[in-house]
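Descriptive analysis of the structure
Okay, here's what each chain looks like letter by letter:
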Amino acid sequence: MSMVWVWTIVLILVLMIFIYSVAPALWTRVFRLSSVFKGPAKPEVSLTFDDGPHPIYTPQLLDALDKGGVRATFFVLAEKAELHADIVERMIKSGHDIQIHGNTHLFVPLLGPVRTARQVEGAAMRLQKKFHVQTKWYRPTWGLCNLYSFVSLKKSGHRLVTWSIMVGDWKCTPVDMLRQRIAKRLHPGSIIVLHDNDETFGAELGAPKSVIELIPYLVEDVHAKGYRFSTLAEWF
Ligand SMILES: [Zn+2]
């Protein structure tokens, strides 16, 4: 095979990877297109939690949310939701909203169409079957999707959602620091993303402890600013 052919094939492969994996990720994560990343311009904020449920942290978080009178949106992993069904039942009973983060915490840009569909349609079906919830939002793991994610979203009727405030809470961070980072950036229609699981690749063990401790302070700061909490379902 001549070098021209080798380079042509390499070029085609690079182009395909760009179109399938890189461009969709840039499209939603960097340029924030085709995705909802903030709510309406009202004095309201939406609290969202990714990666759970976790058998230890999530119940503690639910206690803190109950105490603060806050209803949140949980972007759960279907596999963990089935494993800790009692926690998901409690979320539903407390008026929290259950939405999709995927089946398991996979890196979507590298998944083929079949496994990509499992992250959206598959997870939606599993949650529907187990908990009788009709999900309508999908937040891809690490906020990254691929070209087929859009096909799957179209088929299942889900909308893509990211966030407007992310504060690095997957690393063990002092509560004060998390509090300051959020307070500085609070805006009408904020979608705040936090994490209630430390088993995800890249997360630090014990990191959700600060997130749980943060809740009463966050409630205080949000109310002090004259804002109130809404779930995504209340907004859209
Ligand atoms: Zn995640």
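Below: a short report on this structure. (Residues numbered from 1 in each chain as written. Predicted model: local features only at pLDDT ≥ 70, side-chain atom pairs only at ≥ 80, totals over all residues. Heavy atoms only, no water.)

Another point: a nonpolar patch on the surface. On the surface, a cluster of nonpolar side chains totalling about 1,000 Å² of accessible area is made up of L15, I17, F18, I19, V22, L26, W27, V30, F31, L33 and L147. Ranked by residue count, the leading element in the nonpolar patch is helix α1 (residues 3-30), at eight residues. Within the element layout of this structure, I17 appears in helix α1. (Patch = residues over 30% accessible without salt bridge, like charges linked within 9 Å, V, L, I, M, F, W, Y side chains within 5 Å. Areas by Shrake-Rupley, 256 points an atom, 1.4 Å probe, with all protein chains shown as cover. Salt bridge = Lys/Arg side-chain N within 4 Å of Asp/Glu carboxyl O. Helix = DSSP H or I, 4+ residues; strand = E, 2+ residues; numbered from the N terminus.)

Our next topic: the layout of surface pockets. The probe, sized like a water molecule, is rolled over the atoms to show the empty space still left. Reported here for the largest pocket is a volume of approximately 240 Å³. Taken together, 16 residues make up the lining of the largest pocket; nearest its centre are H105, W142, M166, W170 and H195. Here the lining of the largest pocket is built from residues that sort into seven nonpolar, six polar and three charged. (1 Å grid on protein atoms, 1.4 Å probe; cavity = no way out; pocket = protein on both sides within 12 Å on 5 of 7 lines; lining within 4 Å. Points joined across faces, edges and corners; volume = space filled by probe spheres on them. Nonpolar A, V, L, I, M, F, W, Y, C, P; charged D, E, K, R; others polar.)

At 2.0 to 2.1 Å from the zinc ion lie its protein donor atoms, namely D51 (OD), H101 (NE2) and H105 (NE2). Mapped onto the sequence, the donors of the zinc ion take the spacing D-x49-H-x3-H. Linking D51 in the loop between β1 (44-50) and α2 (57-68) with H105 in the loop between β3 (97-102) and α5 (113-131), this pair joins segments that are 54 residues apart in sequence. On the basis of relative accessibility, which here comes to 4%, the residue D51 falls in the buried class. (Donors = N, O, S within 2.8 Å, 3.2 Å for Na, K, Ca; no water. Buried < 20%, exposed > 50% of the residue type's maximum accessible area, 1.4 Å probe, protein only.)

On to the environment of G202, then. Take G202: it is sitting in the loop between β7 (190-195) and α8 (208-224). We classify G202 as partly exposed; its relative accessible area is 44%. Each C-alpha atom of the pair G202 and N146 lies 20 Å from the other, and the pair is 56 residues apart in sequence. G202 has contacts with W170 and K171, leaving out every residue within four places of it along the chain. (Contact = heavy atoms within 4.5 Å.)

Moving on, we come to the nonpolar core. Of all hydrophobic cores here, the largest spans 48 residues; its most connected members are L47, F49, L65, F74, I182 and L194. Residue contributions to this core peak at seven residues, all from α8. By size, the runner-up hydrophobic cluster in this structure holds nine residues, among which are V36, F75, V161 and I191. (Core = buried A, V, L, I, M, F, W, Y, C linked by side-chain atoms within 4.5 Å.)

One side chain can pair with another of opposite charge once the charged atoms of both are near each other. Taken as a whole and judged by the stated rule, the model has eleven salt bridges. The salt bridge partner of R179 is E220, with a shortest N-O separation of 3.5 Å. Here R179 is found in helix α7 (residues 175-185), whereas its partner E220 is found in helix α8, with 41 residues between them in sequence. For R179, a relative accessible area of 22% translates into the label partly exposed.

Residue P53 is bonded to the preceding G52 through a cis peptide linkage, with omega at 0°. The residue P53 is located in the loop between β1 and α2 in this model. Even without being a glycine, H132 presents a positive backbone phi close to 55°. Relative to the helices and strands, H132 is located in the loop between α5 and β4 (137-138). A positive phi angle, close to 60°, is found at W142, a residue other than glycine. Within the element layout of this structure, W142 appears in the loop between β4 and α6 (147-156). Note on W142: relative accessible area 30%, which makes it partly exposed.

Attention now goes to the packing of α5 against α6. α6 packs onto α5 with a crossing angle of 45° between their chain directions and a minimal axis gap of 9 Å. Between α5 and α6, the interaxial angle falls into the category oblique. Along this stretch, α5 crosses α6, giving a crossing that reads as right-handed. The residues of α6 that touch α5, namely those facing P113, T116, A117, V120 and E121, are Y148, S149, S152, L153, K155 and S156. (Axes fitted to C-alpha atoms, helices over the stretch in contact; angles between N-to-C directions. Parallel < 35°, antiparallel > 145°, perpendicular 65-115°, else oblique. Left-handed = near helix turned anticlockwise from the far one by under 90°.)

Purely geometric stuff here, so don't read any function into it on its own.
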